[in-house]
Amino acid sequence: MKALIVKPLKRNSVELADMPKPVPSERQVLLETLCVGIDGTDREINEGVYGAPPECSDFLVLGHEALTRINAVGSGVQGFSPGDLVVPTVRRSCCENCLNCRKGEVSMCLTGNYYEHGIYKLHGFASEYALCDSDFLVKIPSELENVAVLLEPLSVAEKAILQGFKIQQRMIWEPKRALVLGAGSLGLLVAMLLRLRGLEVYSIATQPKDSLKANIVNNIGGTYVNTAETPLRALSVKFDLIVEATGNVGVAIESLPLLAVNGVFCFLGVYREKEVCQDFGKVLTGMVLGNRLMFGSVSSDKVHFESGVRDLFEIQRRYGSVVERLITEKLGVDDFRRAFLPGQTTIKAVVCFKS
């Protein structure tokens, strides 16, 4: 079978390779991959920034955003049948004594002893066939087949927003306005979820106001800000909730003064620059005097995937095909390299294993 593989920590090693078709064990299902989304994590693994292969392997199969169909099930699998459309979750616990992992909160693992499909010590789903434990599959209704490849990034957005609102139960809090930094697929999905929750949403990016990203934000009733024309410091409003989805240190620091009193700031990016805020004491003082709060959120759990399925239906009901518009490039598996080219202006590139 064909598979997209990399040699982790080796720059630009992604290639299409032949591998044996796997065989499911008692509790596993054999998945037939329909398509995988390629995101910043996949590109950074290919750039050699991070990633780790499974034990006894010198390569890693990519693909943590996947839409699949069950091809076969192990003898001990219940609740799933060949032909079911499913999305596999990403993170798996391998620690024995972590309270969060025992309660199903693998994304909140205390020890760091976890694996992640297509990222860290577990092969991903960017192959014609793949294996997954049946406990980590989410069934997909046929009505969502065209957008379900986006369920994994949507689940990350679901977790972040859920946690933000839970954290704010520390006080009486009625948020009115939110700022989403970044209008990639994750940032746009965050904006959609916040609109579902009734917030006035501003989304910022660097593309023109007649771009596809701007059009999507406008279609969901949000306000798009092109920071090439209107820098963040020029905004005259404050925000009860800010979600940072660019991974850019400068953008994150510049937006901090826009957080309202009693506001909450969620970081979803991984910040690799060495840029430093020279006046961090002022930032900390503002956090204290304004009862403001900052937190980070990474990965997601099965419950967040399930919430995403429900919200995909609601987004479609309110805004039509807006989620499908995020998929701006569908590539055949032999044309996969286009998804890894630098300077991509697409929102979401998808590699299709089945036409």
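## Some details on the packing of aromatic side chains
Moving on, step 1. Within the structure shown, the criterion is met by five aromatic pairs.
Moving on, step 2. With a centroid separation of 6.4 Å and 80° between ring planes, the pair formed by phenylalanine 336 and phenylalanine 340 is classed as edge-to-face. Grouping residues by exposure puts phenylalanine 336 and phenylalanine 340 together as buried.
Moving on, step 3. Put simply, the rings of Phe265, Phe267 and Tyr271 pair up and form one aromatic cluster.

## Observations concerning the pattern of salt bridges
Moving on, step 1. One pass over the full model with this rule turns up 15 salt bridges.
Moving on, step 2. Across the pair glutamate 158 and arginine 197 runs a salt bridge, and its minimum N-O distance is 3.6 Å. With glutamate 158 in helix H3 (residues 151–167) and arginine 197 in the loop between helix H4 (185–196) and strand S13 (200–205), the pair connects residues that are 39 residues apart, well separated along the chain.
Moving on, step 3. Overall, the relative accessible area of 4% leaves glutamate 158 in the buried class.
Moving on, step 4. Judged by relative accessible area, which is 37%, arginine 197 ranks as partly exposed.

## What to know about the sheet that holds strand S2 (residues 15–18)
Moving on, step 1. Pairing is antiparallel in the open sheet, where three strands are placed in the order S2-S1-S4. Two strands bound the open sheet, and with one partner strand each, they are S2 and strand S4 (60–61).
Moving on, step 2. Taken together, the two bridges between strand S1 (residues 2–6) and S4 define a ladder with antiparallel strand orientation. Of the residues in S4, the one forming a bridge with isoleucine 5 is valine 61.

Thresholds applied
Residues numbered from 1 in each chain as written. Predicted model: local features only at pLDDT ≥ 70, side-chain atom pairs only at ≥ 80, totals over all residues. Heavy atoms only, no water. Phe/Tyr/Trp six-rings, centres within 6.5 Å; stacked < 30°, edge-to-face > 60°. Buried < 20%, exposed > 50% of the residue type's maximum accessible area, 1.4 Å probe, protein only. Salt bridge = Lys/Arg side-chain N within 4 Å of Asp/Glu carboxyl O. Helix = DSSP H or I, 4+ residues; strand = E, 2+ residues; numbered from the N terminus. Pairing = 2+ DSSP bridges.

Any functional reading would require information beyond the geometric quantities listed.
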